[in-house]
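Per-entry structural report
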Amino acid sequence: MRVGIAGLGLMGSGIAKRLINNGHKISVYNRTQSKSHHFSNEATVASSPKELGQSCDFIITIVTNFAAVKDVLFGREGVIESGNNNLIVADVSTISPAQSEHCAQRLRSAGIEMLGVPVMGGPAAAEAGGLVPIVAGSRQAFAKVRQVIEELGTTFYVGERDGSANHIKLALNLNIALIACALSEGMTLVRGAGIDPSIFIKVLNATYFKTGLSEKKAPNMMKKEFSPSFHLKNMLKDLELATSTAQENSITLPQTALAEQMFRAAKNMGFSEQDYTAIYAFLTRINGLETS
């Protein structure tokens, strides 16, 4: 199977490396061409999404937002213009359920099948095959590309309803954001009382209430190291998608709405390009604890 990757940011690059290391000969495309050239010795570089679609049986799209997804799929020289009726697209981007459904239906009308495949996990997990892909769409299409998707990690097929995997992805990401906020507020509380937050973390991690975030991210948070595995601006984008999707379904998510406001304020104060756990740095700043 000829596999293409459209989007070579942190996650896309990790997925590309995973497939290359597993022996796949892949093709790649990125709107910023310099990122594609990093793979020129290991992959075929396509000049457009259309060319990628013409040369591949299966394309994984992994870009920042809905505007970028639309550009790759439906823009000038987009995938939809490939004329490849045997093509299957798996969109790994985090977009709303309605947006995923729109893309799937539009591609399907042109004879191209699309699966919504948002994933859990970061760039390191992508390269190591430790992602958790969540798949929605045609069962028949999934059967054709299942082997490739399962190389990315433990895979869950959740049904044929377009957009259903994106509902689950947003529910998972809002949990991550709320856990990050709770952990950051706990660290801020003890720090404000003159107690070393590392003591709080040690106690927390000895209890039933520890999380992967408190075990793996907290040490860097205390050292004020926020190199991004997932940018704060992207977490804000996902919280916005979660609250808008909730409104479309007449659902109230009070904690998520509050977290959205916190992450927006953090973005506005300059933390946008840092890891989402920089919400802790935001809290220390607004509480005047930056130098304490």
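Scope of this entry: the structure provided in the associated data block.

**As for the state of the cysteines**
Disulfide: a covalent bond connecting the sulfur atoms of a pair of cysteines. Counting across every chain of the model gives zero disulfides. Of all cysteine sulfurs in the structure, the one in C103 sits closest to C56, which takes part in no disulfide; the separation is 19 Å. For C103, a relative accessible area of 0% corresponds to the buried category.

**What about helix α13 (residues 254-271)?**
Of the residues making up α13, those classed as buried are T256, A259, E260, M262, F263, A266 and F271. Structurally, α13 contributes buried residues whose contacts are with α8 (164-192), α12 (232-248) and α14 (279-286).

**Some thoughts on the sheet that holds strand β8 (residues 132-135)**
The three strands lie next to each other as β7-β8-β9, forming an open sheet whose pairing is mixed. A strand with exactly one partner marks an edge of an open sheet, and here the two such strands are β7 (119-120) and β9 (156-157). Pairing of β7 with β8, which is carried by two bridges, proceeds in the antiparallel orientation. Bridged to M120 within β8 is V132.

**Things to note about the pattern of salt bridges**
Using the criterion set out here, one finds 12 salt bridges in the structure. The salt bridge involving R2 is made with D57; its shortest N-O contact spans 3.2 Å. You can see R2 sitting in the segment before β1 (3-6) and its partner D57 sitting in the loop between α3 (49-55) and β4 (58-61), a full 55 residues away along the chain. Judged by its relative accessible area of 42%, R2 falls in the partly exposed class. The salt bridge partner of D71 is R31, with a shortest N-O separation of 3.5 Å. Placement of D71 in helix α4 (residues 66-74) and of R31 in the loop between β2 (26-29) and α2 (33-37) is noted, with a sequence separation of 40 residues between them.

About the cut-offs
- Just so you know, the residues in each chain are numbered from 1, in the order the chain's sequence is written.
- Local features in this predicted model are restricted to residues whose pLDDT is 70 or higher, and side-chain atom pairs enter the listing and the counts only when it is 80 or higher, whereas totals over whole chains, interfaces and linings include all residues.
- To get the side-chain values, take all heavy atoms of the structure and skip hydrogens and water.
- We call a pair of cysteine sulfur atoms a disulfide whenever their separation is within 2.5 Å.
- Note on exposure labels: buried denotes an accessible area under 20% of the residue type's maximum, exposed denotes more than 50%, and partly exposed covers the range between, all computed with a 1.4 Å probe on protein chains only.
- A run of H or I in DSSP counts as a helix once it spans at least four residues, and a run of E counts as a strand once it spans at least two, with each numbered from the N terminus.
- Note on contacts: a residue pair qualifies if any of its non-hydrogen atoms lie within 4.5 Å across the two residues.
- When DSSP finds at least two bridges between two strands, those strands are taken to pair.
- The term salt bridge refers to a pairing of a side-chain nitrogen on Lys or Arg with a carboxyl oxygen on Asp or Glu at a separation within 4 Å.

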